[in-house]
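Architecture at a glance
Each chain, letter by letter, is given below.
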Amino acid sequence: MTDSPALVPMDVAGRADRVRASAADAGCDALVITNLVNVRYLTGFTGSAGLAWLGTDELVLITDRRYAEQAEFEAGQAGVDARIEITNDAPKEMLAAAGAGVDRIGLEAASVSWADQRKYAEWFNSELVPTAGAVEQCRQIKDDGEIDRMAKAAAIADAALDEVRPMLVGGPTEQEVALALDTAFRRRGAEKSAFTTIVAAGPNAALPHIRPTDRPIGPGELVILDMGAVVDGYRSDMTRTVAVGDPDPEAQKVFETVREAQQLGVEQVAAGAPISDVDKACRERIDADGWADAFVHGTGHGVGLDIHEQPWVRATATELLEVGQVITVEPGVYLPGFCGARVEDTVVVTADGPRRLTHSPKTLAVS
Ligand code: ZN
Ligand code: ZN
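Residues numbered from 1 in each chain as written. Chains lettered and ligands numbered in written order. Predicted model: local features only at pLDDT ≥ 70, side-chain atom pairs only at ≥ 80, totals over all residues. Heavy atoms only, no water.

1. Examining unusual backbone geometry
For clarity, the cut-off: Only DSSP runs of H or I with at least four residues qualify as helices, and only runs of E with at least two residues qualify as strands; both kinds are numbered from the N terminus onward. Buried residues are those whose accessible area, probed at 1.4 Å on protein chains only, stays under 20% of the maximum for their type, while exposed residues exceed 50% and partly exposed ones sit between those limits.
Gln310 connects to Pro311 through a cis peptide bond whose omega is 0°. Within the secondary structure layout, Pro311 lies in strand E14 (residues 309–313). A positive phi angle, near 50°, is found at Asp232, a position not held by glycine. Position of Asp232 among the secondary structure elements: in the loop between strand E10 (229–231) and strand E11 (234–235). Assessed through its relative accessible area of 11%, Asp232 is described here as buried.

2. Some thoughts on the packing of aromatic side chains
Using the following cut-off: Here a Phe, Tyr or Trp ring, Trp counted by its six-membered ring, pairs with any other such ring whose centre lies within 6.5 Å, and the pair is stacked when the planes are under 30 degrees apart, edge-to-face when over 60, and tilted otherwise. Any Lys NZ or Arg CZ that is within 6 Å of a ring centre and within 35 degrees of that ring's normal is treated as a charge sitting over the ring.
Under the counting rule described, the total for this entry stands at four aromatic pairs. Between Phe45 and Tyr67, the aromatic rings sit 5.4 Å apart at their centres with planes inclined by 80°, giving edge-to-face as the arrangement. One end of the pair, Phe45, is in the loop between helix H2 (36–43) and strand E2 (51–54); the other, Tyr67, is in the loop between strand E3 (59–63) and helix H3 (68–78), with 22 residues separating them in the sequence. Of the two residues, Phe45 and Tyr67, neither departs from the other in class, the shared state being buried. Here the aromatic residues Trp53, Tyr120, Trp123 and Phe124 are joined through ring pairs into a cluster of three or more. Seen from the ring of Phe295, Arg283 lies directly overhead, with NZ or CZ sitting 3.9 Å from the centre.

3. Here we look at the coordination of the zinc ion (ligand 2)
Note the threshold: Here a donor is an N, O or S atom found within 2.8 Å of the metal, or within 3.2 Å if the metal is Na, K or Ca; sites may look incomplete because water is not among the atoms. Angular criteria define each label, namely tetrahedral for four donors with all angles between 85 and 135 degrees, square planar for four and octahedral for six donors with opposite donors over 155 degrees apart and remaining angles between 65 and 115, and irregular for whatever fails these tests.
Donor atoms from the polypeptide that coordinate the zinc ion (ligand 2) comprise Asp237 (OD), His301 (NE2), Glu330 (OE) and Glu344 (OE), at 2.0 to 2.1 Å from the metal. For the zinc ion (ligand 2), the four donor atoms in the first shell make angles of 78 to 150° at the metal, so the coordination geometry reads as irregular. Written as a sequence motif, the donor residues of the zinc ion (ligand 2) are D-x63-H-x28-E-x13-E. In this structure, the zinc ion (ligand 2) lies 3.1 Å from the zinc ion (ligand 1), and both are coordinated by Asp237.

4. Re helix H4 (residues 92–99)
Rule in force here: Our arc is simply the arc of the directions from the helix axis toward the C-beta atoms.
Here H4 has its buried residues at Leu95, Ala98 and Gly99. Along H4, the residues classed as buried sweep out an arc of 90° about the axis, all on the same side. Exposed side of H4, more than 90 degrees from the buried face: Glu93 and Ala97 are the residues found there. Within two residues after H4, Gly101 carries a phi angle of roughly 85°, on the positive side.

5. Describing empty space enclosed by the protein
To keep things clear, this is the line we draw: Think of a 1 Å grid over the protein atoms and nothing else: a 1.4 Å probe that fits but is trapped marks a cavity, an open set flanked by protein within 12 Å on at least five of seven lines marks a pocket, and residues with an atom within 4 Å of a point count as lining. Grid points are joined across faces, edges and corners, and a volume is the space filled by probe spheres set on the points. The nonpolar class holds Ala, Val, Leu, Ile, Met, Phe, Trp, Tyr, Cys and Pro. Asp, Glu, Lys and Arg form the charged class, and all remaining residues, Gly among them, are polar.
In total, this model carries one cavity of 30 Å³ or more according to the counting rule given. Roughly 40 Å³ of volume is contained in the largest cavity. Forming the walls of the largest cavity are Trp53, Val60, Ile62, Arg83, Glu85, Met94, Leu95 and Ala98. Those elements giving two or more residues to the lining of the largest cavity turn out to be E3, strand E4 (83–86) and H4. Examining the composition of the lining of the largest cavity, we find that three residues originate from one element, H4, more than from any other. A per-class count over the lining of the largest cavity returns six nonpolar, no polar and two charged.

Here's what the structure looks like:
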């Protein structure tokens, strides 16, 4: 319910037909959508309980009485023609009626529990088909409205980091810096942080996803700051590595290598290019300095309504990049007990090459 007139409109209503086509490719005549992020994608509904039925010619949003008004409002705001059904019981009759005469009904395999699957098997007289990524596949390609939200989220993170960076000089704890970033996001209009903000210094920076601790940040330590904001459900993702004072020369070299690798990776982002080329460019640069084994994660991921979504940017990816995908490029090197560095941008694939949404400077020194 945060849609503001300043945001570029999204084509939410057009999504149902694209997901229908995707479901048909998976051999389904209808889909039961239980992943709440996917429910939101199709209907605009942001409540914490509900599901959607996507039939050949109808979209039904089923939720409970707490959300009756919100469901109508949000679907209306999104311009979606969905029938809203309210129940405080299991939606057995509604789903059984919708599914009558439908041959093959797709379930989202990754979000249906074993218990729910057994219920659906009782409720429907149809063949139930496990599907994977029928909606997520469609979510990969963002429209201008979605990209506008992610750009605004990225701009908030850029401004927040700019505001908070000077505080590092005073030797704060990791937690204090993370809190300052989270607060700056909110003050600047973000709904929330896109994930638990990472601030990791010195030896902690060698742990790629450590949570901020109460350890004070020491002089010369590399500090990894990984952050994102949320605007109208859409997320940004950015990592910078900084140091207060002169780092150890080896740590400085780690940072320079990672920064160069990241730049080389972003340069591979082009419509029609293999996704694996982005990973390869980063990995080859890091390998050239002998740190291949210290780059312990994939190069990036899609971003959108989820912080991590398709496509996955890794060596084994077989897909080609497409216009409208939004991915991160985030190589890192982690030397246990010593230091770590990661640099990450959120990048849109456009017909003219990569468009970065995250713009914070990549300079190491904070003074
Ligand atoms: Zn990140
Ligand atoms: Zn990321």
